Amino acid sequence: MAKYQNLLVAIDPNQDDQPALRRAVYLVKRNGGRIKAFLPIYDFSYEMTTLLSPDERTAMRQGVISQRAAWINEQCRFYLNDGVPIEIKVVWHNRPFEAIIQEVLSGQHDLLLKMAHQHDRLESVIFTPTDWHLLRKCPCPVWMVKDQPWAEGGKA
């Protein structure tokens, strides 16, 4: 694990608890290195505001990005105060897995940590989850983190 020094953590925008970030902090405290907390966001409703000018839409997007960056900073506050090197980056992108892969490449990250999500069977047949795209296409190792113990026999 000591060879992983440049960690990218995909932040889950739907919850305050970030198990992948906790795991990355654990690794960095033991092995050194640095962390980038990364969140790709997109809200189609901001693109549908046709009454606004392009500049106003850009300003709205920047406002959302700033709000989410402040939220991540709050999630990281304890770790930052403890001296853990965490960079925060939020980008506007409509395909999260592509944004994450682009960030892995541009930041030359050696490990991606992401919280695992359970998908129901029908959804996983119709839609390809971001997790699957990352596991198949990410150019660096992907560590899927789960907050609960993994089930015996791998079914959960």
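In short, a report on the structure.

Rules of the game
- Residues numbered from 1 in each chain as written.
- Predicted model: local features only at pLDDT ≥ 70, side-chain atom pairs only at ≥ 80, totals over all residues.
- Heavy atoms only, no water.
- Salt bridge = Lys/Arg side-chain N within 4 Å of Asp/Glu carboxyl O.
- Helix = DSSP H or I, 4+ residues; strand = E, 2+ residues; numbered from the N terminus.
- Core = buried A, V, L, I, M, F, W, Y, C linked by side-chain atoms within 4.5 Å.
- Buried < 20%, exposed > 50% of the residue type's maximum accessible area, 1.4 Å probe, protein only.
- Contact = heavy atoms within 4.5 Å.
- Phe/Tyr/Trp six-rings, centres within 6.5 Å; stacked < 30°, edge-to-face > 60°.
- Lys NZ or Arg CZ within 6 Å of the ring centre and 35° of its normal.

## Digging into the pattern of salt bridges
Side chains bearing opposite charge may pair, as long as their charged atoms lie close to each other. Summed over all chains, the structure comprises eight salt bridges. With a closest N to O distance of 2.5 Å, Asp82 and Lys29 form a salt bridge. Residue Asp82 is found in the loop between helix H3 (54–81) and strand E3 (86–92), and its partner Lys29 is found in helix H1 (residues 19–31); the two are separated by 53 residues along the sequence. A salt bridge links Lys114 to Asp131; the shortest N-O distance between them is 2.7 Å. On the criterion of sequence distance, the pair formed by Lys114 in strand E4 (residues 111–115) and Asp131 in helix H6 (residues 130–137) is long-range, its members being 17 residues apart. Three or more residues are tied together by salt bridges with common partners; here these are Lys36, Glu87, Lys89 and Glu103.

## Comments concerning the nonpolar core
One finds Leu7, Val9, Leu21, Ile35, Ile72, Ile86 and Leu113 to be the most contacted residues of the largest nonpolar core, which totals 27 residues. Among the secondary structure elements, those contributing two or more residues to this core are strand E1 (6–10), H1, strand E2 (34–41), H3, E3 and E4. Among residues more than four places away in sequence, those in contact with Ile35 are Leu7, Val9, Leu21, Ala24, Val25, Val28, Val84, Pro85, Ile86 and Glu87.

## Some points on the packing of aromatic side chains
Applying the stated criterion across every chain yields a total of two aromatic pairs. Look at Phe78 and Tyr79: their rings are 5.9 Å apart centre to centre, the planes differ by 65°, and that puts the pair in the edge-to-face class. Just above the ring of Trp71 sits the side chain of Arg68; from NZ or CZ to the centre is 4.4 Å.

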